[in-house]
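In case you want the letters, here they are:
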Amino acid sequence: MATEFTKYHGLGNDFILIDNRLSSLPLLTPEQAVKLCDRHFGIGADGVIFALPGESGTDYTMRIFNSDGSEPEMCGNGIRCLGRFLADLEGESRTKDSYHIHTLAGVITPQLMTDGQVKVDMGLPRLLAGEIPTTLGTAQTKVINQPLEVAGKTWEVTCVSMGNPHCITFVEDVAAIDLEIIGPQFEHHPAFPQRTNTEFIQVVSRDYLKMRVWERGAGITLACGTGACASLVAGVLTGKCDRTATVELPGGPLQIEWSETNQRIYMTGPAQRVFTGQI
Ligand SMILES: N[C@@H](CCC[C@H](N)C(=O)O)C(=O)O
């Protein structure tokens, strides 16, 4: 049986979107997702995202498989693409410009802006070691500027969960980081029992950060929305940046705000349809 898909990307972080609104079970298995994400033998993507019926009073549910078949709790660029995909699917019958989406990280709300950007209420960052999870601190402590040995070097790391785990380290020059070698060693470090995403951040000014990322389950990607949010939080916690900043990724910029008023994180960026097809 043929399955329709649409390819979207958010700053080059690319996904295969599946209209799964008639069933609460993903139409594809993790093994099929791995094959479809293959850039030589498949469609090519960083992950597969399913638009499922809403749960617990939400409009829709998002599930996602990374390109290695693992299932993360959340995906920032992916949820912007999902917001755009849902609007495209609903077409003329669309009545809303924002959706409450059930995810494994809680309810996340993407809003379609009139300028074509998507602004997402990403919820609250989680800062305790037990929530990340990491063994770099006791369960109830925050992990800020902690030393971590990786690849024969001591890195100062700050850990933040946006529903999924992030390990952030501030460096002089992001271009000098050998991501291909160092990234997997962070991802599989025993300090992270559920593996981790890792962000390398160069502070250009208090409201402008440059970021490169090694993603859990996907490797080097051109952008990571949850990673950009986690990095801004790490920058604030370490006194390096303001609560509103542009995070420049290899695929382009995201605007991130950690609200002083409600402590929630807001991420604004693009989401673009690329092509449709049948599997
Ligand atoms: N690219 C994403 C994050 C996708 C999930 C991640 N690889 C994980 O396993 O946690 C984003 O834009 O946030």
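Residues numbered from 1 in each chain as written. Predicted model: local features only at pLDDT ≥ 70, side-chain atom pairs only at ≥ 80, totals over all residues. Heavy atoms only, no water.

- In the nomenclature of an unreviewed UniProt entry, the protein chain is known as Diaminopimelate epimerase of Anabaenopsis arnoldii.
- Recorded in UniProt under Function (unreviewed entry), the annotation for the protein chain is "Catalyzes the stereoinversion of LL-2,6-diaminopimelate (L,L-DAP) to meso-diaminopimelate (meso-DAP), a precursor of L-lysine and an essential component of the bacterial peptidoglycan."
- In its Subcellular location (unreviewed entry) section, UniProt records this for the protein chain: "Cytoplasm". (UniProt positions renumbered as here; feature names shortened; annotations may be inferred.)

1. Topic: the overall build of the protein chain
Here is step 1: In terms of helices and strands, the protein chain carries 4 helices and 17 strands.
Here is step 2: The C-alpha radius of gyration computed for the protein chain amounts to 18 Å, which stays within 12% of the reference 19 Å derived for 279 residues, consistent with globular compactness.
Here is step 3: Each principal axis of the C-alpha atoms in the protein chain carries an extent, and together these give about 50 × 45 × 35 Å.
Here is step 4: Across the 279 residues of the protein chain, 55% fall into the buried class.
Here is step 5: For the protein chain, long-range pairs separated by at least 24 residues make up 60% of all intrachain contacts whose partners lie at least 6 apart in sequence.
Here is step 6: Distance between charge centres in the protein chain, computed from 22 positive and 32 negative side chains, equals 2 Å. (Helix = DSSP H or I, 4+ residues; strand = E, 2+ residues; numbered from the N terminus. Rg over C-alpha atoms; globule rule 2.2 N^0.38 Å. Buried < 20%, exposed > 50% of the residue type's maximum accessible area, 1.4 Å probe, protein only. Contact = heavy atoms within 4.5 Å. Lys, Arg positive; Asp, Glu negative; His and termini not counted. Charge placed at Lys NZ, Arg CZ, Asp CG, Glu CD.)

2. Quick look at the environment of isoleucine 49
Here is step 1: The topology assignment puts isoleucine 49 in strand β3 (residues 47–53).
Here is step 2: Here isoleucine 49 falls in the buried class, since its relative accessible area comes to 0%.
Here is step 3: Between the alpha carbons of isoleucine 49 and isoleucine 64 there is a distance of 4.4 Å; along the sequence they are 15 residues apart.
Here is step 4: The contacts of isoleucine 49, once residues within four sequence positions are left out, are Phe15, Ile16, Leu17, Ile18, Met62, Arg63, Ile64, Gly78 and Leu82.

3. A few points about the side chain of threonine 246
Here is step 1: Summarising the element assignment, threonine 246 is placed in strand β14 (residues 244–249).
Here is step 2: Using a relative accessible area of 17% as the deciding quantity, one classes threonine 246 as buried.
Here is step 3: Once you skip the residues sitting within four places of it in the chain, threonine 246 turns out to touch Asp207, Tyr208, Leu209, Pro253, Leu254 and Gln255.

4. Things to note about the nonpolar core
Here is step 1: Core analysis: the largest hydrophobic core is formed by 52 residues, its most contacted members being Met62, Leu82, Met122 and Ile256.
Here is step 2: Not counting chain neighbours up to four residues away, the residues in contact with leucine 82 comprise Leu17, Ile49, Ala51, Met62 and Ile101.
Here is step 3: One finds Trp155, Val157, Cys159 and Val174 within the second-largest nonpolar core, a separate group that totals 20 residues. (Core = buried A, V, L, I, M, F, W, Y, C linked by side-chain atoms within 4.5 Å.)

5. Remarks on the site of the ligand
Here is step 1: Near the ligand there are 14 residues, and of these Asn13, Gly76, Glu215, Gly225 and Thr226 occur at the shortest range.
Here is step 2: One of the side-chain N or O atoms of asparagine 66 is found 2.9 Å from an oxygen atom in the ligand.
Here is step 3: Take asparagine 164: an N or O atom from its side chain is 3.0 Å from an oxygen atom of the ligand.
Here is step 4: When the ligand sits alone it has 360 Å² of accessible area, and the protein chains cover 99% of it.
Here is step 5: Partitioned by chemical class, the residues of the shell around the ligand number 4 nonpolar, 8 polar and 2 charged. (Near = heavy atom within 4 Å. Polar contact = N/O pair within 3.5 Å; in protein donor to acceptor, adjacent residues only side chain to side chain. Areas by Shrake-Rupley, 256 points an atom, 1.4 Å probe, with all protein chains shown as cover. Nonpolar A, V, L, I, M, F, W, Y, C, P; charged D, E, K, R; others polar.)

6. Side note on the UniProt feature "binding site: substrate" (unreviewed entry) in the protein chain
Here is step 1: The UniProt record annotates "binding site: substrate" (unreviewed entry) at Asn13, Asn66, Gly76, Asn77, Asn164, Asn197, Glu215, Arg216, Gly225 and Thr226.
Here is step 2: Here glycine 76 lies in helix α2 (residues 76–90).
Here is step 3: Not counting the four nearest positions on each side in its chain, glycine 76 is found in contact with Met122, Gly225, Thr226 and Met267.
Here is step 4: On the secondary structure map, asparagine 197 appears in strand β11 (residues 197–205).
Here is step 5: Setting aside anything within four residues of it in sequence, one finds asparagine 197 in contact with Asn164, Pro165, His166, Cys167, Trp214, Glu215 and Arg216.
Here is step 6: Within the structure, the side chain of asparagine 197 is placed 2.9 Å from the backbone oxygen of proline 165, a separation counted as a polar contact.

7. Overview of α2
Here is step 1: Taking 1.5 Å per residue as the helical rise, α2 with its 15 residues ought to reach 21 Å, and the 21 Å between its terminal C-alpha atoms agrees with that figure.
Here is step 2: Along α2, 13 of the 15 residues are buried, which leaves the element largely enclosed by surrounding structure.
Here is step 3: Just downstream of α2, glycine 91 is the residue with a positive phi angle, here 50°. (Expected span 1.5 Å × (residues − 1).)

8. Details of the UniProt feature "active site" (unreviewed entry) in the protein chain
Here is step 1: The UniProt entry lists Cys75 and Cys224 under the feature "active site" (unreviewed entry), expressed in the numbering used here. In terms of the greatest pairwise C-alpha distance, the residues named above, spread along 150 residues, form a tight cluster of at most 7.7 Å across.
Here is step 2: With respect to the helices and strands, cysteine 75 occurs in the loop between β4 (60–66) and α2.
Here is step 3: Overall, cysteine 75 belongs to the buried group, its relative accessible area being 8%.
Here is step 4: Once residues within four sequence positions are removed from consideration, cysteine 75 is found in contact with Phe15, Met62, Ile64 and Thr226.
Here is step 5: Note that cysteine 224 resides in the loop between β13 (219–220) and α4 (225–237).
Here is step 6: Here cysteine 224 falls in the buried class, since its relative accessible area comes to 4%.
Here is step 7: Ignoring any residue separated from it by four or fewer positions in sequence, one finds cysteine 224 in contact with Asn13, Asn77, His166, Glu199, Met211, Val213, Glu215, Leu249 and Leu254.

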